[in-house]
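Coordinate inspection notes
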Amino acid sequence: VTAAAASATSKAPAIVRGGTLTVAQVGASYPGFDPQGSSNVASIPMYYALYDPLFYPNDKTGGIYPGLALSFKTSNAGKFLTFQLRKGVKFSDGTAWNASAFVFNIRRETDPVQNSECIPDMTGYVGTKLLGPYTAQIQFNRPVPAYISLISGAQCGMMVSPAAVVAEGNQFGLHPVGTGPFTQTSY
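Every value quoted in this text rests on a predicted model; they were computed, and no experiment measured them.

**As for the overall build of the protein**
For the protein, the helix and strand inventory stands at 5 helices and 6 strands. Scanning the protein from its N terminus toward the C terminus, one meets helices and strands in the order α-α-β-β-β-β-α-β-β-α-α. Across the 187 residues of the protein, 39% fall into the buried class. Residue pairs in contact within the protein that sit at least 24 positions apart in sequence constitute 57% of those at least 6 positions apart. For the protein, the computed accessible surface area is about 10,300 Å², with 57% contributed by carbon and sulfur atoms.

**Thoughts on the state of the cysteines**
Applying the stated criterion across every chain yields a total of 1 disulfide. Two residues, cysteine 118 and cysteine 156, share a disulfide whose sulfurs are 1.9 Å apart. Taking the torsion about the sulfur-sulfur bond, which here is approximately -115 degrees, the covalent link between cysteine 118 and cysteine 156 counts as left-handed. In this pair, cysteine 118 is assigned in the loop between helix H3 (99-109) and strand E5 (125-132) and cysteine 156 in the loop between helix H4 (147-150) and helix H5 (162-168), connecting sequence segments 38 residues apart. We classify cysteine 118 as buried; its relative accessible area is 1%.

**Digging into the pattern of salt bridges**
In a structure, side chains of opposite charge can pair up when their charged atoms sit close to one another. Counting across every chain of the model gives 1 salt bridge. Among the salt bridges present, the one from aspartate 34 reaches arginine 108, with a minimum N-O distance of 2.5 Å. In this pair, aspartate 34 sits in the loop between helix H1 (3-9) and helix H2 (44-50) while arginine 108 sits in helix H3, placing the two residues 74 residues apart along the sequence.

**Thoughts on the confidence of the model for the protein**
Low pLDDT means the predicted coordinates in that region are not meant to be read closely. With 88% of its residues at a pLDDT of 70 or more, the protein shows a mean pLDDT of 86. Per-residue pLDDT stays below 50 along residues 1-7; that stretch engages in 1 contact with residues further than four places along the chain or on separate chains.

**Comments concerning the sheet that holds strand E4 (residues 80-85)**
Backbone hydrogen bonds hold the strands of a sheet together, and the pairing may be parallel or antiparallel. Strands sit in the order E3-E4-E6-E5 across an open sheet of 4 strands; the sheet is antiparallel. Either end of the sheet is taken by a strand with one partner, and the two such strands are strand E3 (69-75) and E5. On average, each strand axis in the sheet is inclined to that of its neighbour by 20 degrees, with strand direction left out of account. Relative to E4, E3 is paired through 6 bridges, and the arrangement is antiparallel. Residue pairing across strands places serine 75 opposite phenylalanine 80, the latter belonging to E4.

Analysis parameters
- Residues numbered from 1 in each chain as written.
- Predicted model: local features only at pLDDT ≥ 70, side-chain atom pairs only at ≥ 80, totals over all residues.
- Heavy atoms only, no water.
- Helix = DSSP H or I, 4+ residues; strand = E, 2+ residues; numbered from the N terminus.
- Buried < 20%, exposed > 50% of the residue type's maximum accessible area, 1.4 Å probe, protein only.
- Contact = heavy atoms within 4.5 Å.
- Areas by Shrake-Rupley, 256 points an atom, 1.4 Å probe, with all protein chains shown as cover.
- Disulfide = S-S within 2.5 Å.
- Salt bridge = Lys/Arg side-chain N within 4 Å of Asp/Glu carboxyl O.
- pLDDT = per-residue confidence, 0-100.
- Pairing = 2+ DSSP bridges.
- Axes fitted to C-alpha atoms, helices over the stretch in contact; angles between N-to-C directions.

And the structure:
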């Protein structure tokens, strides 16, 4: 084998975009991938494929780093959390990620009808409001120091497309739409 031939065979293949990824989920008790509708830990890898969280957990430091939220600040003795959100992001259905989508998601995961697993951690939740196109605020009636940890990663921090939730209703988990790197075409 010549040096040129050896060099040609050691090159990495070109990246090809698109294609199909088939995933088998063992032990799934909930049909679909709605982060506010599943109690199945086995779904978490799929959530990261379909959705982006507000913050990512930093396993090395125990802290967080930006996701769909760039930053947050607390005020009023920790009862108010104000979020600056990432600009220029779209859900895979074309819906814009902005403060309106943030407010929709937080209100959805605190709605008792949704029966979200986030509700027990939202004790003291008062409301969520828009402060600007990419700024939103959550208000609690007491400080909730664990809230940022709660929204750093799977389930409560995963943001879904408001338009897809409205269109699909209680079937959203079978037709999930997020801002993550993958889309689901069939279930």
